[in-house]
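A structural walkthrough
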Amino acid sequence: MPSRRASSAEVKARAAQARRLAEREQVSGEIRTPADITARRKTRTSASASAGSVKTPVSAATTVPERTFPGRMILLSIVVLVVISFLVPTVNSFFQQRSELNELESQIAAEQQEQAQLQSELVRWDDPDFVRQQARERINLVMPGERRYQVMGEPGASADDVEQLDSTEVRHDLPWAEALWDSLVRSAAED
């Protein structure tokens, strides 16, 4: 049984191969060769016939090598290069815009954080105790019935240092407004 199946499969394969060869023969007969190639073949066959060797014509049964780099491949390569040349600037601008977008998102996050801090400070100003504290520290206000004391001068500086200076001398270690006030106080003390 297995030999019959194998033989029938071989017969079918041979029949299919014979059919393909017949189709090739029919198609190869329809292919026209250019006149210059036909002329060269004739001169070769006449030269080889005189030499005694006879070449058999090429039939469909023999395999013909394919062209290594067909025209379609060249055209396809050109089309691919043109498409790539159009896509490169677009992709480049996409990545540039993406980086700008990420940078702007980080700036937005920083601004939102600053906004949250300002909102929390604004909420703190609603507290009356915080308002009193800021009024005392920033603009030196006091509550009714309280006394305010302000210490003048630097801590550790004594009054002796100021009195030792001559009234014509200008102190350069103070800011200009304090130096002016100091010179007025010394000139008033001498009179």
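On a predicted model such as this, the values are computed, not experimentally measured, just so you know.

Moving on, we get to the overall build of the protein chain. Looking only at helices and strands, the protein chain features 6 helices and 0 strands. Secondary structure of the protein chain in N-to-C order comes out as α-α-α-α-α-α. Residue burial in the protein chain is summarised as follows: out of 191 residues, 5% are buried. Put simply, of all contacts in the protein chain between residues at least 6 apart along the chain, 24% involve residues at least 24 apart. Looking at the protein chain as shown, the accessible area adds up to about 17,700 Å², and 59% of this sits on carbon and sulfur atoms.

Glancing now at the pattern of salt bridges. With the rule as written, the count across this model stands at 4 salt bridges. Of the charged contacts, one joins Asp 129 and Arg 132 as a salt bridge, the two residues approaching to 2.7 Å between their closest N and O atoms. Residue Asp 129 and its partner Arg 132 are both found in helix 4 (residues 128–139); the two are separated by 3 residues, about one turn of the helix. For Asp 129, a relative accessible area of 51% gives the class exposed.

Scanning the entire structure with this criterion turns up 2 aromatic pairs. Ring centres 5.4 Å apart and planes at 65° place the aromatic pair Phe 94 and Phe 95 in the edge-to-face group. Classification of Phe 95 as exposed rests on a relative accessible area of 54%. On the numbers, 5.0 Å between centres and 80° between planes, the contact of Trp 125 with Phe 130 is edge-to-face. Given the relative accessible area of 11%, Phe 130 is considered buried.

Let's shift gears to a nonpolar patch on the surface. A surface patch of nonpolar side chains, about 930 Å² in accessible area, is lined by Phe 69, Met 73, Ile 74, Leu 76, Ile 78, Val 80, Val 82, Ile 84, Phe 86 and Val 88. Secondary-structure assignment places Phe 69 in the loop between helix 2 (35–51) and helix 3 (71–124). You can call Phe 69 exposed: its relative accessible area is 53%.

On to the confidence of the model for the protein chain. Low-pLDDT portions of the prediction should not be read for the details of their coordinates. Overall, the prediction assigns the protein chain a mean pLDDT of 78, with 70% of residues at 70 or greater. Here helix 5 (residues 159–164) stands out as the least confident element of the protein chain, with mean pLDDT 54; helix 3 is the most confident, with 94.

Okay, the side chain of Gln 134 next. Inspection of the secondary structure puts Gln 134 in helix 4. A relative accessible area of 10% places Gln 134 in the buried class. With residues up to four places along the chain from it excluded, the contact list for Gln 134 reads Trp 125 and Ile 139.

The rules behind the values
- Residues numbered from 1 in each chain as written.
- Predicted model: local features only at pLDDT ≥ 70, side-chain atom pairs only at ≥ 80, totals over all residues.
- Heavy atoms only, no water.
- Helix = DSSP H or I, 4+ residues; strand = E, 2+ residues; numbered from the N terminus.
- Buried < 20%, exposed > 50% of the residue type's maximum accessible area, 1.4 Å probe, protein only.
- Contact = heavy atoms within 4.5 Å.
- Areas by Shrake-Rupley, 256 points an atom, 1.4 Å probe, with all protein chains shown as cover.
- Salt bridge = Lys/Arg side-chain N within 4 Å of Asp/Glu carboxyl O.
- Phe/Tyr/Trp six-rings, centres within 6.5 Å; stacked < 30°, edge-to-face > 60°.
- Patch = residues over 30% accessible without salt bridge, like charges linked within 9 Å, V, L, I, M, F, W, Y side chains within 5 Å.
- pLDDT = per-residue confidence, 0-100.

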